[in-house]
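Chains, contacts and geometry: an overview
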Amino acid sequence: MKKIELEIVALSHSITQTHSYAVVLGESNGLRRLPIVIGGFEAQAIAVALEHMQPSRPLTHDLMKNFMNAFNVELQEIVISDLQEGIFYSKLICYTENDTVEIDSRTSDALALAVRFGCPIYTYEHILDNAGIIMEDSGGEKKSKTETAEQTVEENAHSDLHTMTLDELQTLLNEVLEHEDYIRAIAIRDEINKRK
């Protein structure tokens, strides 16, 4: 089967499932999007790597990367290989000097590792056909009701930050970093940077 390359185009709160997030993968050189619901910890792990943040102690996926590097195991790619009853299945394709190994993985963990290793993300046509969303090519992208609602929730969260002073934002940033809420920290940091 021909593999289709994907890239992470968005990470946001999921309004369809409480305490969950959605990572949206976009087809490279294409219009299709593949939204995947993931947990809060996994969303945080992906966000930390995407934003090149350095937590005070290694997160689980950082530990995994360090472990693989220590034993000369290279993560070559991840493949979202199957979709059964709404659950995505993924494989880590790892290389060593002597062997190539496929390791079963939750898709959220595979994505968190892919961001850390900078390796490509692939899937197959039948998965995009079953779970993908097609975007319009013109400047006005067609958005699903879920995407529009998620954007509204995100805008409301950011509008609260607009009313705070720089000192209040800095204090809040320090508090959320202490609690390791990196997704909220990114929004606060972006608001502080906008004002500088």
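Residues numbered from 1 in each chain as written. Predicted model: local features only at pLDDT ≥ 70, side-chain atom pairs only at ≥ 80, totals over all residues. Heavy atoms only, no water.

According to the stated counting rule, one finds zero disulfides in the structure shown. Counting only cysteine sulfurs, C119 is the nearest neighbor of C94, a cysteine outside any disulfide, at a range of 8.7 Å. A residue is classified by how much of its surface remains accessible, and C94, at 3% relative accessible area, is buried. Of the residues examined, C119 reaches a relative accessible area of 9% and is grouped as buried. (Disulfide = S-S within 2.5 Å. Buried < 20%, exposed > 50% of the residue type's maximum accessible area, 1.4 Å probe, protein only.)

Turning to the packing of aromatic side chains, a few remarks are in order. Inspection of the entire model under this criterion finds one aromatic pair. When the ring of F67 is compared with that of F71, the centres are 5.0 Å apart and the planes differ by 50°; the resulting orientation is tilted. Like F71, F67 is exposed. Here the guanidinium or amino end of K3 rests over the ring plane of Y122, the centre of that ring lying 4.7 Å away. (Phe/Tyr/Trp six-rings, centres within 6.5 Å; stacked < 30°, edge-to-face > 60°. Lys NZ or Arg CZ within 6 Å of the ring centre and 35° of its normal.)

So, about the pairing of strand β5 (residues 87–95). Pairing analysis gives nine bridges linking strand β4 (residues 74–84) to β5, with the strands arranged antiparallel. Residue pairing across strands places V79 opposite K91, the latter belonging to β5. Connecting β4 to the next strand, β5, in antiparallel fashion are two residues, including E85 with a positive phi near 50°. Two successive antiparallel strands, β5 and strand β6 (residues 100–106), enclose a turn made up of four residues. (Pairing = 2+ DSSP bridges. Helix = DSSP H or I, 4+ residues; strand = E, 2+ residues; numbered from the N terminus.)

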